[in-house]
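# Analysis of the macromolecular model
Chain residues, written in single-letter form:
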Amino acid sequence: MTIAVTGATGSIGGKVLERLGGGAGIRLIGRNSQRLEPLAEHFDSTFAVATYADAGAMTAALRGVRLLFLVSGHESATRREEHATVVDAARDAGVERIVYLSFLGAAPECTFTFGRDHYYTEQHIRRSGLKFTFLQDSWYQSMIPLMVDDRGVIRGPAGNGKVSAVAPDDVADAAAAVLATGNGDHDGATYRLTGPEAFTLADAAETITRVTGRPVRFENETLEEAYASRAHFGAPAFEVEGWVTSYAAIGAGELAVVTGDVEALTGRLPQTFADYVESTMKPGGSAASRKG
């Protein structure tokens, strides 16, 4: 059975590839041949170059593939259409199953605007006739330290809402477990991949402070303040809206759910945020800046 991994040069795609171990049964799909070629050589795998928007190239890239791990594309104003193009190409190429990396709480009117893209992709996959498994992951724990600005502040309209952030390694382990089975055991299933607990961003700031020794705090913003504080980046309106509403979704309580799905798929408990910070941030170090 040939498994295709999109976004193979990215964070989650790369981690999943490591867990699958490469080999002749793995095909890497990405946009940049200069990055794909050495990666494919390292894992003794084949590769194909295709963008999500190029139906012809994607169809050719997926010929002979039975199982597709579809990592969502980069945030863009046309991401829904790009995802639909990949799904249609998979159907036309004869792919049997899609494992789609979606988002926790994906819904047509969810607060997080990028989460809506995931809902529409899920619906398109359902209509395609392909067998599917949806992996709806929460915020990545790795995102949170990147939200700390140069003054040691996490700011956004999250209020006292909680988020069940999950470690990227736990997402990769869960995805690899589903892909390695590949025999239909997970057909039609939706797994919600979360950490073992939900916490506020103020809690997160306290954890980073305790572990690293760097003072970090959370500052709540109104929606208006959040949009104004990000205006200087000059980003497209849809992107700024995604940044702001990612916090607002926490404030609305839409990302607080905690499930046992990571443990059910991997056989072990997911990593806590404190453990993630302990393992990735040196004492006295500083988190990188993030526009969101």
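In this text, all values refer to a predicted model and were calculated from it rather than measured experimentally.

## Concerning the overall build of the protein
When you go through the protein residue by residue, the secondary structure sums to twelve helices and nine strands. Relative to the globule expectation of 19 Å for 292 residues, the C-alpha radius of gyration of the protein, 19 Å, shows essentially globular dimensions. Dimensions of the protein, computed from C-alpha atoms along their principal axes, come out at roughly 50 × 35 × 35 Å. Every one of the 292 residues in the protein was classed for burial, and the buried ones make up 51%.

## Describing the pairing of strand S8 (residues 190-193)
Every second residue of S8 is oriented toward a common face, the buried set being Tyr191 and Leu193 and the non-buried set Thr190 and Arg192. Across four bridges, strand S6 (residues 131-137) lies against S8 in parallel orientation. Bridge pairing links aspartate 137 to leucine 193 in S8.

## As for the nonpolar core
Formed by 53 residues in total, the largest nonpolar core has its most connected members in Leu62, Leu68, Phe69, Ile98 and Leu135. With six residues, helix H7 (residues 168-181) is the single largest residue contributor to this core. Once you skip the residues sitting within four places of it in the chain, leucine 68 turns out to touch Ala4, Thr6, Leu62, Val86, Ala90, Val95, Arg97, Ile98 and Val99. The next biggest cluster of nonpolar side chains, apart from the first, holds 28 residues, and it includes Ile144, Val163, Ala204 and Val216.

## So, a negative patch on the surface
A grouping of Glu197, Asp203, Glu206, Asp275 and Glu278 is seen on the molecular surface, where their side chains present a negatively charged patch. Secondary-structure assignment places aspartate 275 in helix H12 (residues 273-280). Residue classification places aspartate 275 among the partly exposed residues on the basis of a relative accessible area of 43%.

## Some details on H12
Those residues of H12 that fall on the buried side of the exposure criterion are Phe273, Tyr276 and Val277. Buried residues of H12 fall within an arc of 95° about the axis and therefore sit on the same side. Exposed side of H12, more than 90 degrees from the buried face: Glu278 and Ser279 are the residues found there. Structurally, H12 contributes buried residues whose contacts are with helix H6 (143-146), H7 and helix H8 (201-212).

## Brief notes about helix H3 (residues 55-62)
For H3, every residue scored as buried is listed here: Met58, Thr59, Ala61 and Leu62. Along the axis of H3, the buried residues cluster in a sector spanning 160°; they form a single face. Taken together, the buried residues of H3 touch strand S1 (3-6), strand S2 (26-30), strand S3 (46-49), strand S4 (67-71) and helix H4 (79-93). The distance from a side-chain oxygen at the start of H3 to the backbone nitrogen of glycine 56 is 3.3 Å, and the residue carrying that oxygen is aspartate 54. Note on H3: the residue one or two positions beyond its end, glycine 64, has a positive phi of about 90°.

## Brief notes about unusual backbone geometry
Phi at aspartate 44 is positive, roughly 55°, even though this residue is not glycine. Aspartate 44 gets classed as exposed once you look at its relative accessible area, which sits at 59%.

## Observations regarding the confidence of the model for the protein
On average, the protein scores 94 in pLDDT, and the residues at 70 or more come to 96%. In this model residues 284-292 is a low-confidence stretch, pLDDT under 50, and it forms 29 contacts with partners more than four residues away in sequence or in other chains.

## Here's the deal with the packing of aromatic side chains
Within a pair of aromatic rings, the relevant descriptors are the distance that separates the centres and the angle that separates the planes. The final tally for this structure, using the stated rule, is nine aromatic pairs. Ring plane angle 20° and centroid distance 4.5 Å describe the contact between phenylalanine 132 and phenylalanine 134, whose orientation is recorded as stacked. Of the two residues, phenylalanine 132 and phenylalanine 134, both sit in the buried class. Each ring, one from phenylalanine 233 and one from tryptophan 243, has its centre 5.8 Å from the other, and the planes form 85°; the classification is edge-to-face. Here phenylalanine 233 is found in the loop between helix H9 (223-230) and helix H10 (237-251), whereas its partner tryptophan 243 is found in helix H10, with ten residues between them in sequence. For tryptophan 243, a relative accessible area of 8% puts it in the buried group. Three or more aromatic residues joined by ring pairs make a cluster, and in this case those are Phe103, Phe112, Phe114 and Phe238.

## Considering the side chain of glutamine 136
Among the secondary structure elements, glutamine 136 is positioned in strand S6. On the basis of relative accessibility, which here comes to 8%, the residue glutamine 136 falls in the buried class. Once residues lying within four places of it in the same chain are set aside, the contact partners of glutamine 136 are Ser102, Phe103, Leu104, Gly105, Ala106, Glu122, Thr190, Tyr191, Arg192 and Leu193.

Conventions we followed
Residues numbered from 1 in each chain as written. Predicted model: local features only at pLDDT ≥ 70, side-chain atom pairs only at ≥ 80, totals over all residues. Heavy atoms only, no water. Helix = DSSP H or I, 4+ residues; strand = E, 2+ residues; numbered from the N terminus. Rg over C-alpha atoms; globule rule 2.2 N^0.38 Å. Buried < 20%, exposed > 50% of the residue type's maximum accessible area, 1.4 Å probe, protein only. Pairing = 2+ DSSP bridges. Core = buried A, V, L, I, M, F, W, Y, C linked by side-chain atoms within 4.5 Å. Contact = heavy atoms within 4.5 Å. Patch = residues over 30% accessible without salt bridge, like charges linked within 9 Å, V, L, I, M, F, W, Y side chains within 5 Å. Areas by Shrake-Rupley, 256 points an atom, 1.4 Å probe, with all protein chains shown as cover. Salt bridge = Lys/Arg side-chain N within 4 Å of Asp/Glu carboxyl O. Lys, Arg positive; Asp, Glu negative; His and termini not counted. Charge placed at Lys NZ, Arg CZ, Asp CG, Glu CD. Arc of directions from axis to C-beta. Polar contact = N/O pair within 3.5 Å; in protein donor to acceptor, adjacent residues only side chain to side chain. pLDDT = per-residue confidence, 0-100. Phe/Tyr/Trp six-rings, centres within 6.5 Å; stacked < 30°, edge-to-face > 60°.

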